[in-house]
Amino acid sequence: MCESFRAARSACWAQGAAAAAGGGGGRSREEPGAAAETLGNSIRSASRASLHHPPAQPRARRAPGEFCLEFSHFTAAQVSCARSGQQKAYRMWCQRLAWLLRGSCGRRWPRSVAALARGHHTAPRSLRCAWQLHGDHLELRYGNTLMRLDFVWLRDHCRSASCYNAKTNQRSLDTASVDLAIRPQAVRVDESTLFLTWPDGHVTRYGLEWLLKNSYEGQKKQVMHPRILWNAEIYRQAQVPSVDCRSFLETDEGLKEFLQNFLLYGIAFVENVAPTKEDTEILAERISIIRETIYGRMWYFTSDFSRGDTAYTKLALDRHTDTTYFQEPCGIQVFHCLKHEGTGGRTLLVDGFHAAEQVLRRAPEHFELLSRVPLKHEYVENVGGCHNHMIGVGPVLNVYPWNNELYLIRYNNYDRAVINTVPHDVVRRWYHAHRALTTELRRPENELWVKLKPGKALFVDNWRVLHGREAFTGYRQLCGCYLTRDDVLNTARLLGLQA
């Protein structure tokens with residue numbers, strides 16, 4: 001509260017106290033007197049700083065008609081008067097304050113001030129909340145967030161018993177029945193809750209914290225999937241531990257540690273796994289349903305070129321993500337090397353999100369283009385009895401539009417189809433953007449090389465981490481599978497992790 005307002009309030013209180021001591025003398029509410037006029041002048045000069053905003057949070061001038069619910073200074077005066085027992089003087093002070101506010105430049109003053117004049121409790125000092133009605137939405141400032149909440153949205157998301165089934169966590173209200181021109185008849189806010197009364201008399205209640213979390217503006221400030229971006233040195237220094245197979249299979253603590261590592265880094269290892277396809281399958285089923293694809297349920301391969309895929313050779317494989325030719329690429333991939341009698345064959349791992357972040361920092365226009373331009377990826381196979389032609393469509397970088405958070409990278413230079421979805425005036429810029437991302441992905445400092453061996457299973461987030469391998473000699477036998485992403489994330493959430 002500014003000093004002029006404090007002084008004026010003190011003067012007004014002094015006059016009211018003197019009137020009370022003299023047996024109730026003084027002017028009527030229609031003629032408030034000199035002290036009240038002093039208060040009125042101070043209010044007019046300090047209203048925007050002292051009434052409409054928290055004192056420590058100056059901001060731009062607001063339009064008339066805005067309601068603000070932070071008036072703890074008046075509350076302090078009310079408590080002070082009540083404690084001193086001078087109720088009559090307090091009522092006189094409130095009457096004069098209400099008279100001044102009604103006559104101040106035609107402004108519609110906050111309801112909490114009117115409540116004070118009637119002797120009602122007002123919002124506490126800690127609450128920072130202001131709201132204003134517009135033609136089709138409610139503007140609500142809570143804390144440091146300014147939310148714009150459409151009236152239809154506010155009616156549709158009502159959590160009352162008739163609109164929402166709290167037992168099943170499902171909406172009962174028929175959204176199509178809500179009048180698209182609906183507008184609340186009354187709005188009220190207390191310390192923690194927004195109350196809206198609709199034309200049919202129905203009352204909707206929202207916790208302010210719930211609105212802060214679930215509004216568009218609140219979601220923009222939140223991260224859907226917390227992660228640690230890494231290059232080879234960052235990952236080594238983190239010394240992320242592998243989880244023992246028995247702990248992984250038999251305890252929630254071991255499973256939770258594994259999933260936490262996987263969610264943060266996009267890769268995780270399990271040690272001491274029996275080197276068989278059957279034991280690897282048991283391992284995978286601990287966290288998810290196995291996704292059956294054109295490669296079967298559990299794939300098992302050597303370098304015999306039994307499928308029309310470069311993976312079934314001894315050649316080196318550049319970094320890539322798998323199944324880019326699916327409309328929804330497989331979420332998690334499991335690798336377990338059962339046997340290798342030869343040299344080479346190390347596995348390459350690259351954090352695609354870390355590389356994309358570097359592109360965003362150095363050339364945001366490239367990041368934007370890679371997240372906007374759709375491409376086709378395809379898999380054409382005509383080997384033996386296998387005949388497949390799979391086509392998946394999507395941009396290289398996939399982001400949540402409300403906060404620009406990256407959630408999927410679709411990068412496979414082997415499987416990218418003819419670029420016929422990009423117009424002439426964009427295609428060259430796309431090539432520049434693709435080159436920028438490829439440069440980051442191929443930086444030696446971003447390459448983590450791991451030698452897979454029998455007994456050590458690797459889980460890879462195929463939406464984030466690219467994998468490859470160096471060429472090898474001799475007989476090398478691997479098994480693995482794809483997991484459904486939804487089931488892995490569900491398992492993590494049931495263990496209390498954010499996923």
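The name recorded for the protein chain in an unreviewed UniProt entry is Trimethyllysine dioxygenase, mitochondrial, from Lepidothrix coronata.

S.K.: Which parts of the structure should I look at to understand helix 15 (residues 424–441)?
M.R.: Since the α-helix packs 3.6 residues into each turn, any two residues three or four apart lie on the same face. Helix length check: helix 15, at 18 residues, gives a terminal C-alpha distance of 26 Å against a target of 26 Å (1.5 Å per residue), a fit within 8%. Looking only at helix 15, the buried set comprises Val 426, Trp 430, Ala 433, His 434, Leu 437, Thr 438, Glu 440 and Leu 441. Viewed end-on, helix 15 has its buried residues packed into an arc of 150°, placing them on one side of the element. Along helix 15, exposed side chains directed more than 90 degrees from the buried face belong to His 424, Arg 428 and Arg 435.

S.K.: Even after reading the chapter, I still don't get the confidence of the model for the protein chain, so can you show me in this structure?
M.R.: When pLDDT is averaged across the protein chain, the result is 81; 73% of the residues are at 70 or more. Note that residues 97–126 has pLDDT below 50 and, in this model, 67 contacts with residues that lie over four places away or in other chains.

S.K.: What should I look at first to understand unusual backbone geometry in this one?
M.R.: Backbone geometry follows two general trends: most residues other than glycine have a negative phi, and most peptide bonds adopt the trans configuration. A positive phi is found at Asn 272, a non-glycine position, where the angle reads about 65°. For Asn 272, the location among the structural elements is in the loop between strand 11 (267–271) and helix 12 (277–285). One non-glycine residue with positive phi stands out, namely Thr 323, at about 50°. With respect to the helices, strands and loops of the structure, Thr 323 is situated in the loop between strand 14 (317–320) and strand 15 (332–341).

S.K.: How do you make sense of the packing of helix 13 (residues 352–362) against helix 15 when you look at a structure like this?
M.R.: Where helix 13 contacts helix 15, the two axes come as close as 9 Å, and the packing angle between them is 130°. Our classification of the angle between helix 13 and helix 15 gives oblique. Seen along the crossing, helix 13 lies across helix 15 with a hand that is right-handed. Here helix 13 contributes Gly 352, Ala 355, Ala 356, Gln 358, Val 359 and Arg 362 to the contact with helix 15, which in turn contributes Ala 436, Leu 437, Glu 440 and Leu 441. Of the residues that constitute the contact of helix 13 with helix 15, the class distribution is six nonpolar, two polar and two charged.

S.K.: What is the right way to look at the sheet that holds strand 16 (residues 347–351) in this model?
M.R.: The four strands are arranged 14-23-16-21 in an open sheet whose pairing can be described as antiparallel. One side of each edge strand has no neighbouring strand; the edge strands of this open sheet are strand 14 and strand 21 (448–450). Within the sheet, the average angular offset between the axes of one strand and its neighbour, ignoring direction, is 20°. In terms of strand pairing, strand 14 meets strand 23 (residues 465–469) through two bridges, oriented antiparallel.

About the thresholds
- Residues numbered from 1 in each chain as written.
- Predicted model: local features only at pLDDT ≥ 70, side-chain atom pairs only at ≥ 80, totals over all residues.
- Heavy atoms only, no water.
- Helix = DSSP H or I, 4+ residues; strand = E, 2+ residues; numbered from the N terminus.
- Expected span 1.5 Å × (residues − 1).
- Buried < 20%, exposed > 50% of the residue type's maximum accessible area, 1.4 Å probe, protein only.
- Arc of directions from axis to C-beta.
- pLDDT = per-residue confidence, 0-100.
- Contact = heavy atoms within 4.5 Å.
- Axes fitted to C-alpha atoms, helices over the stretch in contact; angles between N-to-C directions.
- Parallel < 35°, antiparallel > 145°, perpendicular 65-115°, else oblique.
- Left-handed = near helix turned anticlockwise from the far one by under 90°.
- Nonpolar A, V, L, I, M, F, W, Y, C, P; charged D, E, K, R; others polar.
- Pairing = 2+ DSSP bridges.

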